[in-house]
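# Fold and contact review
Here is how the chains run, residue by residue.
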Amino acid sequence: MDLLNELESLVPELERGIGQAFSLAELEELRVTFLGRKGRLAQIMTRLPSLSPEERPAVGQKANAIKNSLTEIFDARKAALEAEKEAAQLARFDASLPGRAPWGGSLHPTTLVQEEICGIFQKLGYDIAVGPEVENDYYNFEALNMPPEHPARDMQDTLYITEKVLMRTHTSPMQVRTMLARKPPLAVVVPGKVYRRDSDLTHTPMFHQVEGLMVGENVSFAHLRGTLTAFLRGVFGAKTQVRFRPSFFPFTEPSAEVDISCCMCGGKGHHSNGEPCRVCKTTGWVEILGCGMIDPAVFEAVGYDPKTISGFAFGLGMERIAMLKYGIGDLRMFFENDVRFLSQFV
Ligand code: PHE
């Protein structure tokens, strides 16, 4: 009976077809052709009603058996193809290759210097404080003994927001804010950004300062000298020489600028090969910070009694410290965010 024969012939036909199916997609095509809803088997089965009722059970059974055989052949081939595919993928994957290390970040040299400076002063018992970058004229100038028309205001190249509001030109306004907020004795360091209308090889419109402030009874210039000498030797090494030169700031009296022996040439003014030192311009000294004893006018502005209270303050530029400490020759490198530069500081 030809229906049974046709059913029987499906198995060798599928086997032949499968021998030529080398991908899972080709295999799926074959599955649809043989076992799909309109496939070969289904089509043969549509002719079942044409048989006599006696013939039908045998053909039905045969059809089921053939369907199972087809499915088995198909599943076996599918498993084999999948295994081949996985093996090919594994062959391309070399587990012995070295891994790719994740890209580690590093801290900006300004941040490193800030952390080092603040760390030294924290060990000396100082608190760390921060203040606003957009500042009132009062805190930036007036309370620091620079009334309107004071000539020292011109030195600062101020960026104004309004007539009375500006970008702070130094961290010194935090002297005023700190003394207004606390009672002596007090000791704080204030790191932060400052702004000046200035831009050339050695000046950027924004840079970083650290302000230091120590106020109490009997705080003297000797304390200032001892503190700054210890601090600068902590940053630049124990052999560093420190010298104080008389200077002027409206909010300190007396005032001084502090130099350290040049850390590039060891204070000699020239290198061991006889080449003149460009960092200290052969003087052997580099200027590093400004400082002084708090002016009585500032104490009066914050309501402290200058007869019983004294104190000192200092301010320094962090980029300058970082340039000297790490031997960075160009200020612009701090602000260009070149990874080749930044990744050297780990
Ligand atoms: N504020 C000063 C400046 O920016 C530095 C300074 C701070 C000087 C504290 C004396 C005391 O130049």
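The structure we're discussing is the one just above.
A brief look at the structure comes next. (Residues numbered from 1 in each chain as written. Predicted model: local features only at pLDDT ≥ 70, side-chain atom pairs only at ≥ 80, totals over all residues. Heavy atoms only, no water.)

## Thoughts on the site of the ligand
Lining the immediate surroundings of the ligand are 14 residues, of which His 170, Ser 172, Arg 196, Gln 209 and Glu 211 lie closest. The contact in question runs from an oxygen atom of the ligand to an N or O atom on the side chain of Arg 196, over 3.0 Å. With respect to the ligand, the side chain of Gln 209 contributes an N or O atom lying 3.0 Å from an oxygen atom. For the ligand, whose unbound accessible area comes to 330 Å², protein coverage reaches 90%. Contributing elements (two or more residues each) for the shell around the ligand: strand S5 (206–216), strand S8 (285–294) and strand S9 (310–317). Residue composition of the shell around the ligand, by class: 5 nonpolar, 7 polar and 2 charged. (Near = heavy atom within 4 Å. Polar contact = N/O pair within 3.5 Å; in protein donor to acceptor, adjacent residues only side chain to side chain. Areas by Shrake-Rupley, 256 points an atom, 1.4 Å probe, with all protein chains shown as cover. Helix = DSSP H or I, 4+ residues; strand = E, 2+ residues; numbered from the N terminus. Nonpolar A, V, L, I, M, F, W, Y, C, P; charged D, E, K, R; others polar.)

## Some points on unusual backbone geometry
For the peptide bond that leads from Pro 184 to Pro 185, omega is 5 degrees, which places it in the cis range. Geometrically, the link from Glu 253 to Pro 254 is a cis peptide bond, its omega value of -5 degrees lying close to zero. Mapped onto the fold, Pro 254 is located in strand S7 (residues 252–261). Positive phi values are uncommon outside glycine, yet Lys 281 reaches one of about 50 degrees. With respect to the element layout, Lys 281 can be found in the loop between S7 and S8.

## What about the nonpolar core?
Phe 231, Leu 232, Ile 288, Leu 289 and Phe 314 are the most contacted members of the largest nonpolar core, which totals 42 residues. Among the secondary structure elements, those contributing two or more residues to this core are helix H5 (109–123), strand S4 (186–195), helix H8 (221–236), S7, S8, S9, helix H10 (318–326) and helix H12 (339–342). Tallying contributions element by element places H8 first for this core, with 6 residues. If we skip the residues at most four places from it in the chain, Phe 231 touches Ile 117, Ile 120, Phe 121, Leu 289 and Leu 316. Counting residues in hydrophobic clusters, the runner-up holds 24 residues, among them Ala 129, Met 179, Leu 213 and Phe 251. (Core = buried A, V, L, I, M, F, W, Y, C linked by side-chain atoms within 4.5 Å. Buried < 20%, exposed > 50% of the residue type's maximum accessible area, 1.4 Å probe, protein only. Contact = heavy atoms within 4.5 Å.)

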